[in-house]
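# Structural overview for review
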Amino acid sequence: PVNERFTNSMSKRTRAVIFLIFTALAVQGQSVKAILKDGDKRYEDKEYESALKIYQEGVNLHPDDARLNFKTGLTYLSLPNKSESLRYLQKAFAIDPSVDENLYYYLGLSYQSNRQYESAEEFFSEAKKRNKKIADQVDKKIRQVQFADSLTRIPTNVVVENIGKELNSSFHEYS
């Protein structure tokens, strides 16, 4: 009886371990294609937060997939925290620079949002060479980063001061 209980207990443990292994493999086996399909649907519907969550889960499962890294970076560019896009776009570029025909453009945008203006200009220039259809748009971006870069090189001593309740309210007045 003791030996029988040990055998039953062992077989239950073995079955549990085997079940856990197969469950992990099933989750791990979720195809990149299925993840991309689900994420792309949400991205197209402008559900960027939801798409980002799906793409990030995909990157966690398949960290070396250029498409998932690219889509994650691209989605970040559609959200307020654009600077987060850089590491994903850089990784996609390192894995497969041909993952998307506009990868150089998106990397330019990402470098621009990270205030790395020289790198942004390099990627925008390369994007213009690779895709003539977006040349006008890229030229505008190049001018923007050149201007931004020039502004960061000129130190300005500014004092911000509240000039009284006649002009200021309790709301934000940026402009």
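Residues numbered from 1 in each chain as written. Predicted model: local features only at pLDDT ≥ 70, side-chain atom pairs only at ≥ 80, totals over all residues. Heavy atoms only, no water.

### Focus: the overall build of the protein chain
In plain terms, the rule: Secondary structure elements are defined from DSSP: runs of H or I of at least 4 residues count as helices, runs of E of at least 2 residues count as strands, and each element is numbered from the N terminus. In this scheme, a residue with accessible area under 20% of its type's maximum is buried, one over 50% is exposed, and one in between is partly exposed, where area comes from a 1.4 Å probe on protein chains only. Should any heavy atoms of two residues lie within 4.5 Å, those residues are counted as being in contact. Only the protein chains shown count as cover for residues, and the accessible areas themselves come from Shrake-Rupley with a 1.4 Å probe.
Counting its regular elements, the protein chain contains eight helices and zero strands. Overall, the protein chain shows an N-to-C arrangement of helices and strands of α-α-α-α-α-α-α-α. Here the protein chain holds 175 residues, and 32% of them are scored as buried. Taking the contacts inside the protein chain whose residues are at least 6 apart along the sequence as the reference set, 47% of them involve residues at least 24 apart. Element-wise, carbon and sulfur atoms account for 54% of the exposed surface of the protein chain, whose accessible area totals about 12,500 Å².

### Some words on the pattern of salt bridges
As a working rule, side chains carrying opposite charge can pair if their charged atoms are close by. The condition is simple: Counted as salt bridges are all cases of a side-chain nitrogen of Lys or Arg within 4 Å of a carboxyl oxygen of Asp or Glu.
Inspection of the entire model under this criterion finds 10 salt bridges. A salt bridge links K91 to D64, with the nearest nitrogen and oxygen atoms 3.5 Å apart. Residue K91 is located in helix α5 (residues 85–95), and its partner D64 is located in the loop between α3 (48–61) and α4 (66–76); the two are separated by 27 residues in the primary sequence. K91 sits in the partly exposed class, given a relative accessible area of 31%. For D64, a relative accessible area of 57% gives the class exposed. Linked by salt bridges that have partners in common, E118, D149 and R153 make up one network.

### Considering the nonpolar core
Rule in force here: Among the buried residues, those of types Ala, Val, Leu, Ile, Met, Phe, Trp, Tyr and Cys that are joined through side-chain atoms within 4.5 Å form a nonpolar core.
Ranked by internal contacts, the top residues of the largest apolar core, which has 24 residues, are F70, Y105, L107, F124 and V138. At the level of secondary structure, the elements contributing two or more residues to this core comprise α4, α5, α6 (103–113), α7 (117–130) and α8 (135–153). Top element by residues in this core is α6. It accounts for six residues. Once you skip the residues sitting within four places of it in the chain, Y105 turns out to touch F124, A127, I134, Q137, V138 and K141. Counting residues in each nonpolar core, the second largest holds 14 residues, with V32, A51, L79 and Y88 among its members.

### Digging into the side chain of N69
Note on placement: N69 falls in helix α4. By relative accessible area, which is 1% here, N69 ends up buried.

### Focus: α6
The buried count for α6 comes to nine of 11 residues, which makes it a mostly enclosed element. Here the buried face of α6 lies against α4, α5, α7 and α8. Phi for R115, located one or two positions after α6, is positive at around 60 degrees.

### As for unusual backbone geometry
Even without being a glycine, K46 presents a positive backbone phi close to 60 degrees. Mapped onto the fold, K46 is located in the loop between α2 (32–44) and α3. Phi angles above zero are rare outside glycine, and R115 is one such case at about 60 degrees. Relative to the elements of secondary structure, R115 occurs in the loop between α6 and α7.

### So, the confidence of the model for the protein chain
Low-pLDDT stretches of the model should not have their predicted coordinates read in fine detail. Note the following rule: Here pLDDT means the predictor's own confidence in every residue, given as a number from 0 to 100.
The predicted model of the protein chain has a mean per-residue pLDDT of 86, with 81% of residues at 70 or higher. This stretch, residues 23–27, has a pLDDT under 50; its non-local contacts, to residues over four places away or in other chains, come to one contact.

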